Amino acid sequence: MTGNIPSSRDGFTSKFGVVAAAAGSAVGLGNIWRFPYVVGENGGGAFLLIYLGFILTIGVSVMLAEFIIGRRSQSNALGAFKKLAPGSVWWLVGVMGIISAFVILSFYTTIAGWTLEYLIQAIGNGFSGKNAAEISGMFDSFQHSTARPLLWQLLFMGLTAAVILGGVQKGIEKYTKLLMPMLVLLIVIMCVRSVTLDGAGEGLRFLFKPDFSKINGNVVLEALGQAFFSMSIGMGALITYGSYVQKDNHLPSTTFQIALADTGIAILAGVMIFPAVFAFGVQPDAGTGLVFQVLPNIFQQMPGGYIFGVFFFLLLTVAALTSTISLLEVVVAWAIEELKMTRRKATILFAAAISVLGGLATLSFSELSEFKLFGKTIFDNLDWLSANFLLPLGGVFIVIFLGWILGSKIIADEVTNQGTIKMKLLKIFIFILRYLAPIAILLVFLNGIGVFGGN
Ligand code: TRP
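Residues numbered from 1 in each chain as written. Predicted model: local features only at pLDDT ≥ 70, side-chain atom pairs only at ≥ 80, totals over all residues. Heavy atoms only, no water.

**Some remarks on the overall build of the protein chain**
What the protein chain contains, in helices and strands, is 17 helices and zero strands. In terms of overall dimensions, the protein chain has C-alpha extents of about 60 × 50 × 40 Å along its principal axes. Within the span of the protein chain, comprising 455 residues, buried residues form 60% of the whole. Nonlocal contacts in the protein chain, meaning residues at least 24 apart in sequence, comprise 82% of its contacts between residues at least 6 apart. Entry remark: accessible area of the protein chain is about 17100 Å², with carbon and sulfur atoms responsible for 67%. In the protein chain, which carries 28 positive and 23 negative side-chain charges, the distance between the mean positions of the two groups comes to 11 Å. (Helix = DSSP H or I, 4+ residues; strand = E, 2+ residues; numbered from the N terminus. Buried < 20%, exposed > 50% of the residue type's maximum accessible area, 1.4 Å probe, protein only. Contact = heavy atoms within 4.5 Å. Areas by Shrake-Rupley, 256 points an atom, 1.4 Å probe, with all protein chains shown as cover. Lys, Arg positive; Asp, Glu negative; His and termini not counted. Charge placed at Lys NZ, Arg CZ, Asp CG, Glu CD.)

Written out as structure tokens, the structure reads:
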């Protein structure tokens, strides 16, 4: 670790396991909740293929770009641009990242709150003896209630703030290293149960058999958005984390490891959910509630389902927490350095401010369910805006910044650790940064919103 971490960012210490933290940021509700629901809404297999294609080309490149910018600048998401391109307007990319963090946190904590509700239900044996229809009914009535989802959301935001405040970060490496493999193990066991259910085959076909007639511009944009969201890229969260990465870390392999873990867990979540979706007669395009309507059914059909249910929702809560702290840290690090706030003040102020917008996201399922902009609820707008617009656009600026402004010399330096290791794909990486990624992202976005007609 280089010694020049500004004291304002010392909430993260040098002992902090950055790679574990970055993996913890990537793996979260995006994999277990969002991935199945967008796959379900976008027709399954063909979507999955396009999603994988984006991860392998644009996704890993943007992730590596963020790590490079972070390690090079030794600075937060906004400071990085100021430091590497002084006197320019590139810092606005950092501002966009902070807005993205704000937006994502507001609706992410809604779902994290649902996870807490389900943890408590699992502990209280609340799914026991219920059939699929009753489990869906349970979800509906919870979702439409007002106080409980709001309280859970606030509690979860409080947990996130406590971690950011308390310097518990030192413990995170330990927890992530132990709890993430546990989560994977649990998911694998649940996959086995799910694929042996009657009617499971239809779910596997849905997930893995591409039906290209389902593809249109909007589906492609959703796949791109999901890739950005799941990998935690496009807003500088990994610039911030990259600034804590050791000089001798081999950034390309770190990137591949995180991308592999993130994608592997998403696919496992798909194998866990879709066979059960079809076996229990849930609609694959049920939307944001999909996994909450499906999971309890799987526990019901497993020996030891009670214990599995409790542990699953507990581990999912932890996975969500390691993601929300990476988001709040972006906002807090900026407020400390640019607004000269204390860590304490910044954390409390922004956790509270985000909770206000977050409350509106949560109420989108009850009191505000009829309040729509562009035909979507507040929740759906925040979700769409971040994944399909803010993150990909942030990604465009990040790759252009690295590819064109910082340039090949700095890129080569950082990926080869000053020439001490070889990087075979360097030329391809630079090509993706300079041409492929910015052009492809812009085309996918414009096509997705129907600029070229169609859809
Ligand atoms: N990737 C996380 C998930 O899949 C969510 C997340 C955390 C995120 N930090 C981010 C998304 C930064 C985009 C940008 O749950």
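**What about empty space enclosed by the protein?**
For the coordinates displayed, the defined rule picks out three cavities of 30 Å³ or more. Its boundaries defined by the atoms lining it, the largest cavity holds a volume of some 140 Å³. Lining the largest cavity are 18 residues; nearest its centre among them are S25, I104, F229, S232 and L327. Listed by contribution, the elements that provide at least two residues to the lining of the largest cavity are α1 (18–26), α2 (29–41), α5 (91–123), α10 (217–231) and α14 (305–338). When the residues that make up the lining of the largest cavity are grouped by side-chain class, the tally is 10 nonpolar, eight polar and no charged. Put simply, the second largest cavity is a space of about 60 Å³. Forming the walls of the second largest cavity are Y175, T176, L179, M180, L183, L315, V318, A319 and T322. Within the residue set of the lining of the second largest cavity, elements represented by two or more residues are α8 (169–195) and α14. Considering every element that reaches the lining of the second largest cavity, the biggest residue donor is α8, with five residues. (1 Å grid on protein atoms, 1.4 Å probe; cavity = no way out; pocket = protein on both sides within 12 Å on 5 of 7 lines; lining within 4 Å. Points joined across faces, edges and corners; volume = space filled by probe spheres on them. Nonpolar A, V, L, I, M, F, W, Y, C, P; charged D, E, K, R; others polar.)

**A short note on the packing of aromatic side chains**
Tallying each qualifying case throughout the model produces 28 aromatic pairs. Pairing W114 with F292 gives two aromatic rings, centres 5.5 Å apart and planes at 80 degrees, and the pair type is edge-to-face. Residue W114 is located in helix α5, and its partner F292 is located in helix α13 (residues 290–300); the two are separated by 178 residues in the primary sequence. We note that W114, like F292, is buried. (Phe/Tyr/Trp six-rings, centres within 6.5 Å; stacked < 30°, edge-to-face > 60°.)

**Remarks on the site of the ligand**
Of all residues adjacent to the ligand, which total 17 residues, the nearest are A26, G30, Y108, F229 and S232. With respect to the ligand, the backbone of S25 contributes an N or O atom lying 3.2 Å from a nitrogen atom. In this structure, Y108 approaches the ligand through a side-chain N or O atom, which is 2.4 Å from an oxygen atom. Within the complex, the protein chains bury 100% of what would otherwise be the 360 Å² of accessible surface of the ligand. For the ligand, the cavity whose grid points lie within 2 Å of the majority of its atoms is the largest cavity. Residue assignment for the shell around the ligand shows that the elements contributing at least two residues are α1, α2, α5, α10 and α14. For the shell around the ligand, the class distribution of residues is nine nonpolar, eight polar and no charged. (Near = heavy atom within 4 Å. Polar contact = N/O pair within 3.5 Å; in protein donor to acceptor, adjacent residues only side chain to side chain. Sits in = over half its atoms within 2 Å of the grid points.)

**Some thoughts on helix α7 (residues 147–166)**
Counting along an α-helix, one turn takes 3.6 residues, and residues three or four places apart therefore face a common direction. In this model α7 runs 28 Å from its N-terminal to its C-terminal C-alpha over 20 residues, within 8% of the 28 Å that 1.5 Å per residue would give. All buried positions along α7 are accounted for by P149, W152, Q153, F156, M157, T160, A161, V163 and I164. (Expected span 1.5 Å × (residues − 1).)

**Overview of the environment of G242**
In this structure, G242 sits in helix α11 (residues 237–242). Sequence separation between G242 and S73 is 169 residues, and the spatial gap between their C-alpha atoms is 9.1 Å. The contact partners of G242, leaving out residues within four places of it in the chain, are F67, G70 and R71.

**Some details on the confidence of the model for the protein chain**
Per-chain confidence: the protein chain averages 92 in pLDDT, with 94% of residues scoring 70 or above. Counting contacts from residues 1–15, a segment whose pLDDT is below 50, to residues more than four positions away or on other chains yields 29 contacts. (pLDDT = per-residue confidence, 0-100.)

**A few points about the environment of A112**
Looking at where A112 falls in the secondary structure, it is placed in helix α5. A112 gets classed as buried once you look at its relative accessible area, which sits at 0%. When the C-alpha positions of A112 and A320 are compared, they lie 6.4 Å apart, and in sequence the two are 208 residues distant. Contacts of A112, omitting those with residues within four sequence positions, involve L29, F156 and A320.

**A short note on the nonpolar core**
Counting residues in each nonpolar core, the largest one holds 160 residues, and the members touching the most others are M272, L295, F312 and F313. A per-element tally of this core places α14 first, with 18 residues. In this structure, F313 is in contact with T115, Y118, L119, A122, F127, L295 and F299, ignoring residues within four places of it in sequence. (Core = buried A, V, L, I, M, F, W, Y, C linked by side-chain atoms within 4.5 Å.)

**Focus on the pattern of salt bridges**
Applying the stated criterion across every chain, the model contains nine salt bridges. Each of R71, R72, K409, D413 and E414 takes part in salt bridges that share partners, so that together they form one network. (Salt bridge = Lys/Arg side-chain N within 4 Å of Asp/Glu carboxyl O.)

**Quick word on the side chain of N381**
Here N381 is to be found in helix α16 (residues 378–415). You can call N381 buried: its relative accessible area is 18%. In contact with N381, not counting residues within four places along its chain, are L373, F374 and K376.

**Some remarks on unusual backbone geometry**
Notably, Q74 is not glycine yet its phi reads approximately 50 degrees, a positive angle. Within the secondary structure, Q74 is located in the loop between α3 (45–73) and α4 (79–84). Classification of Q74 by relative accessible area gives buried; the value is 6%. Positive phi, normally seen in glycine, also occurs at N417, with a value near 50 degrees.

**Here we look at a nonpolar patch on the surface**
Taken together, the side chains of W404, I405, F431, Y435, L436, I439, L443, L446, I449, V451 and F452 define a hydrophobic patch exposed on the protein surface, amounting to about 1000 Å² of accessible area. Of all elements in the fold, only α16 and α17 (426–448) reach the threshold of two or more residues within the nonpolar patch. Considering each element in turn, the nonpolar patch owes the most residues, six residues, to α17. The topology assignment puts W404 in helix α16. (Patch = residues over 30% accessible without salt bridge, like charges linked within 9 Å, V, L, I, M, F, W, Y side chains within 5 Å.)

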